[in-house]
Amino acid sequence: QVQLVESGGGLVQAGGSLRLSCAASGNIFTIGAMGWYRQAPGKQRELVASITSGGSTNYQDSVKRRSTISRDNAKNTVDLHMNSLKPEDTGVYYCYARIGAPRFMDYWGKGTLVTVSS
């Protein structure tokens, strides 16, 4: 059974930084795109950043200049580094991966809460 487990997050002061990590485990044949979504209170889940297996990245405009997404294909992990955090970055951050096991399906982590205090 495939699982995605997130780590990192917590309470951060505005202007600070954070690192979120996610590890995929289980009977994995291959992993396609991986990424991070977030859901703020009362809002819909939105894409923060994604990365393909080849390393191509995509960012939400509001985080583009202060975030870096990376992955380690050998370890089946994806990380998100965010700097200059703002209160509007507060939300539950979810790891996402499209995994072939062997049939391709979308998998989600349980989420990790990030709270940015002003």
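Residues numbered from 1 in each chain as written. Predicted model: local features only at pLDDT ≥ 70, side-chain atom pairs only at ≥ 80, totals over all residues. Heavy atoms only, no water.

Caption draft 1: Layout of the state of the cysteines. Enumeration over the complete set of coordinates arrives at 1 disulfide. Put simply, Cys22 and Cys95 are joined by a disulfide, and their sulfur atoms are 2.0 Å apart. Where Cys22 bonds to Cys95 through sulfur, the torsion about that S-S bond is close to -85°, and the disulfide is left-handed. Within this pair, whereas Cys22 is found in strand 3 (residues 18–25), its partner Cys95 is found in strand 9 (residues 91–100), the two being separated by 73 residues in sequence. (Disulfide = S-S within 2.5 Å. Helix = DSSP H or I, 4+ residues; strand = E, 2+ residues; numbered from the N terminus.)

Caption draft 2: Looking closely at the pattern of salt bridges. Going through the model one piece at a time under the given rule, you end up with 6 salt bridges. Between Asp61 and Lys64 there is a salt bridge, and its shortest N-O distance comes to 3.2 Å. For Arg66, the salt bridge is made with Asp89, and the minimal N-O distance between the two is 2.8 Å. Remark: Asp89 occurs in the loop between strand 8 (77–82) and strand 9 and Arg66 occurs in the loop between strand 6 (57–59) and strand 7 (67–72); sequence separation between them is 23 residues. Accessibility classification places Arg66 together with Asp89 in one group, the buried group. Counted as one network, the salt bridges with shared partners bring together Arg38, Glu46, Arg66 and Asp89. (Salt bridge = Lys/Arg side-chain N within 4 Å of Asp/Glu carboxyl O. Buried < 20%, exposed > 50% of the residue type's maximum accessible area, 1.4 Å probe, protein only.)

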